[in-house]
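# Coordinate analysis (summary)
Residues per chain are reported as follows:
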Amino acid sequence: MSPEIPFVQGRIEPDGGSFDAWREQSLLDSLEQGGLQWPSSCRSGTCRTCIGKLVSGQVRYEMDWPGLSAEELAEAYVLPCVARPVTDVVLQDPWAD
Ligand code: FES
């Protein structure tokens with residue numbers, strides 16, 4: 001078995017660009033390192049400024065309960081400042097209509 005690749009592919013839909021999504025850092029950090037803009041404030045999973053929708057893929061959280069309701073989690077909302085990718089991820093453009 002080959003060693004695990006340290007990053008997966010991230011993309012913003014509909015046309016917001018692509019980025020390397022590093023497994024051991026937040027999606028927000030990876031977005032910014034990829035030169036992409038994303039709303040943020042606290043960067044610790046509480047203010048919800050960065051909330052976004054995961055179109056596809058899976059994320060995980062280091063914290064027990066990020067600032068999302070059970071309904072939001074079920075509807076694939078994520079907090080990129082504390083979410084780390086498990087698979088390739090596609091996020092909905094937070095500024096799209
Ligand atoms: S920036 Fe505050 S919850 Fe993500």
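Rules used throughout
Residues numbered from 1 in each chain as written. Predicted model: local features only at pLDDT ≥ 70, side-chain atom pairs only at ≥ 80, totals over all residues. Heavy atoms only, no water. Helix = DSSP H or I, 4+ residues; strand = E, 2+ residues; numbered from the N terminus. Buried < 20%, exposed > 50% of the residue type's maximum accessible area, 1.4 Å probe, protein only. Areas by Shrake-Rupley, 256 points an atom, 1.4 Å probe, with all protein chains shown as cover. Lys, Arg positive; Asp, Glu negative; His and termini not counted. Charge placed at Lys NZ, Arg CZ, Asp CG, Glu CD. Contact = heavy atoms within 4.5 Å.

Turning our eyes to something else, we now look at the overall build of the protein. In terms of helices and strands, the protein carries two helices and seven strands. Going residue by residue from the N terminus, the α and β elements of the protein occur as β-β-α-β-β-α-β-β-β. Summarising its shape, the C-alpha atoms of the protein cover approximately 40 × 30 × 25 Å along the three principal directions. A total of 97 residues make up the protein; the buried ones form 36% of that total. Roughly 5,700 Å² of accessible area belongs to the protein as shown, and the carbon and sulfur atoms make up 49% of that amount. Charged side chains of the protein number 7 positive and 15 negative; the gap between the two group centres comes to 3 Å.

Structurally, Glu24 can be placed in the loop between strand 2 (17-22) and helix 1 (27-33). Along the sequence, Glu24 and Ala83 sit 59 residues apart, while their C-alpha atoms lie 9.8 Å from each other. Among residues more than four places away in sequence, those in contact with Glu24 are Arg60 and Arg84.

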